[in-house]
Amino acid sequence: MLAFCLYSSTDSTAEADMDRKFVIVSTEWLADRLAGKKDKDINFRVLDATWHLPSLTKRKPREDFYKDHIPGALFFDIDECRKPHPDLEHLLPSAEQFAEYVGKKLGIGNEDHVVIYDNNPNIGIFSAPRVWWLFKVFGHDKVSVLSGGFEKWNNEEVREVTDELIKVVPFDYQATLHPEMVKTFKDVENNLETKEFQLLDARPAGRFNGTAPEPRPDTKPGHIPGAVNIPFTKIVDQNTKLLKTPASLNAMLNYHKVEQDRPMVVMCGSGVTSCCLLMAAYVSGRDDIALYDGSWTEWYKTAKWNQMMLRRP
C-alpha cells in the first residue's frame, strides 16, 4: 500500500480541500496580491518555469523571460535544478540541491506563497506543474500554478509585463524530501507483478503506441505493460487552454477506468508533463499519487525487452 498522499491522512478534509482550492489561481487573484490589495501579510513570489523540448522548438525560455515577464518574477530553470545524470534529463535533485537553488539563487523562503507559470501558448499548461510538484515533494505547501500562464496574463490589457530583473536576497531555505512521492525503476518493475498501483502515462498517444517517434533520438516509442495512456493535453479545455473543472477531470479519469481509491503513479518521457496529469488528478479529488521520475527514458534504457510494449517492424 502506498503511503503517500499530497495531503496526509492526519490532515482534515477541510484542509485538503483548501489546499486543492489554491493549486490553480487566476490572473486576477495574482494581480490583486502583487498589488497589495489582498493577503498583505503574505509574501508572494512568482516564478517563470517555462521549458521546451529542444528537439521541437528553437525557443529559448530564459531569453524569452529576459524580454518579458510578470513583474517581480524570477526564472526557474528545470534543466538546472536536477540531479546530474548522463542519460536522464530531469531526475529529482537532492533536498540540499533544491534548498540551495530555491533559497540562495531565487531567495525564496519557506513561508512564501509561490506562484508558478509557464509560457506555452499553444498548449496552455506544460512545465509549470513540474515545478509545483518539486515544491510539494520538498514539503512546501503554499504553491500554486497560474491559470492560463503568461499567455493569458499578457493578453489581458490591464496586466503589466516587464523586462526588469529584481535583486535576489539569499535565504536559508529548508527542504525536506517526501520519498513516498517518488517512484524508482525498481518500484515500477516490481509493480509488473504486484499491481500495487495504477500506472498512467502522459505522453501523446503516438509515442505510447509506438507509432510516433520519441523526441530523444536514442529512445524508441512504446510503453510499459499495463500502463494507461492519458495524454497530458487532455487536462485542458482546447478552446480556452485552461485547466478543466474538477468534475471534468474526474470524469476523464473515470473514462480511462482509473480507480478512485487505488494508488496511482504517473510518468511521461522524462518526468515533466507527467506532473500535469498528477496535478490534474489531485485537483479532481485524488490523493494517493506519485511520480515515476525516470519515466520512459529510463525504462527504455534499463528494462528488459519483454518488459516493454514496442511496435515491431
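Residues numbered from 1 in each chain as written. Predicted model: local features only at pLDDT ≥ 70, side-chain atom pairs only at ≥ 80, totals over all residues. Heavy atoms only, no water.

A.B. asks: Quick question: what am I supposed to make of the pattern of salt bridges here?
C.D. replies: Once their charged atoms are close, side chains differing in charge can pair, the charge on each being opposite to the other. Inspection of every chain in the model, using the stated rule, returns 19 salt bridges. A salt bridge links Asp-112 to Arg-45; its shortest N-O distance comes to 4.0 Å. Placement of Asp-112 in the loop between helix 4 (95-105) and strand 4 (113-117) and of Arg-45 in strand 2 (residues 44-48) is noted, with a sequence separation of 67 residues between them. We note a salt bridge from Arg-159 to Glu-156, for which the minimum N-O separation is 2.8 Å. (Salt bridge = Lys/Arg side-chain N within 4 Å of Asp/Glu carboxyl O. Helix = DSSP H or I, 4+ residues; strand = E, 2+ residues; numbered from the N terminus.)

A.B. asks: Could you clarify how one ought to interpret empty space enclosed by the protein in this entry?
C.D. replies: Empty space among the atoms becomes apparent when a probe as large as a water molecule is rolled across them. Scanning all chains against the criterion turns up 1 cavity of 30 Å³ or more. In this structure, the largest cavity occupies an estimated 30 Å³ of space. Together, Tyr-117, Asp-118, Gly-124, Ile-125, Phe-126, Ala-128, Val-145, Leu-146, Gly-148 and Gly-149 line the largest cavity. (1 Å grid on protein atoms, 1.4 Å probe; cavity = no way out; pocket = protein on both sides within 12 Å on 5 of 7 lines; lining within 4 Å. Points joined across faces, edges and corners; volume = space filled by probe spheres on them.)

A.B. asks: Would you mind going over the packing of aromatic side chains with me for this structure?
C.D. replies: A ring pair, where both rings are aromatic, is described by two values, the distance of the centres and the angle of the planes. Applying the stated criterion across every chain yields a total of 17 aromatic pairs. Centre to centre, the rings of Tyr-292 and Trp-299 are 6.4 Å apart; their planes meet at 90 degrees, and the pair counts as edge-to-face. Tyr-292 sits in the buried class, given a relative accessible area of 0%. Judged by its relative accessible area of 0%, Trp-299 is buried. Among the aromatic residues, those joined into a ring-pair cluster are Phe-76, Phe-98, Tyr-101, Phe-135, Phe-138 and Tyr-173. Lying over the aromatic face of Trp-153, Arg-159 brings its terminal NZ or CZ to 5.7 Å of the ring centre. (Phe/Tyr/Trp six-rings, centres within 6.5 Å; stacked < 30°, edge-to-face > 60°. Buried < 20%, exposed > 50% of the residue type's maximum accessible area, 1.4 Å probe, protein only. Lys NZ or Arg CZ within 6 Å of the ring centre and 35° of its normal.)

A.B. asks: What am I meant to see in the layout of surface pockets here?
C.D. replies: For the largest pocket, the calculated volume is near 450 Å³. Taken together, 24 residues make up the lining of the largest pocket; nearest its centre are Leu-53, Leu-56, Ile-123, Phe-126 and Phe-232. Of the residues that constitute the lining of the largest pocket, the class distribution is 13 nonpolar, 7 polar and 4 charged. (Nonpolar A, V, L, I, M, F, W, Y, C, P; charged D, E, K, R; others polar.)

A.B. asks: Please clarify how the pairing of strand 7 (residues 198-201) should be interpreted in this entry.
C.D. replies: A regular strand places its side chains on the two faces of the sheet in alternate fashion. Burial of strand 7 is two-sided: the residues Gln-198 and Leu-200 facing one way and the residues Leu-199 and Asp-201 facing the other way are all buried. Of the strand pairs in this sheet, strand 7 and strand 9 (residues 264-267) are connected by 4 bridges, and their pairing is parallel. Note that in strand 9 the partner of Leu-199 across the bridge is Val-265. Bridge count between strand 7 and strand 8 (residues 228-229): 2 bridges; the pairing is parallel. (Pairing = 2+ DSSP bridges.)

A.B. asks: Can you walk me through the packing of helix 9 (residues 246-255) against helix 10 (residues 274-283) in this structure?
C.D. replies: At their nearest, the axes of helix 9 and helix 10 sit 8 Å apart, and the two run at 115 degrees to each other. By the angle class used here, helix 9 and helix 10 are roughly perpendicular. Every pair of crossing elements has a handedness; the one defined by helix 9 and helix 10 is left-handed. Within the contact between the two elements, helix 9 uses Pro-246, Leu-249, Met-252 and Leu-253 and helix 10 uses Leu-277, Ala-280, Ala-281 and Val-283. When the residues that make up the contact of helix 9 with helix 10 are grouped by side-chain class, the tally is 8 nonpolar, no polar and no charged. (Axes fitted to C-alpha atoms, helices over the stretch in contact; angles between N-to-C directions. Parallel < 35°, antiparallel > 145°, perpendicular 65-115°, else oblique. Left-handed = near helix turned anticlockwise from the far one by under 90°. Contact = heavy atoms within 4.5 Å.)

A.B. asks: Please explain the pairing of strand 10 (residues 289-292) as it appears in this structure.
C.D. replies: Neither face of strand 10 is exposed, since Ile-289 and Leu-291 on one face and Ala-290 and Tyr-292 on the opposite face are all buried. Note: strand 6 (residues 182-183) against strand 10, 2 bridges, orientation parallel. Paired with Val-182 across the bridge in strand 10 is Leu-291. Sheet topology places strand 9 next to strand 10; 3 bridges connect them, and they run parallel. Residue pairing in the sheet places Val-265 in a bridge with Ala-290 of strand 10. Where the polypeptide runs from strand 9 across helix 10 and back to strand 10, its parallel neighbour, the crossover connection is right-handed. (Right-handed = clockwise from strand over helix to strand, strands pointing away.)

On their own, these measurements won't tell you what the molecule is for.
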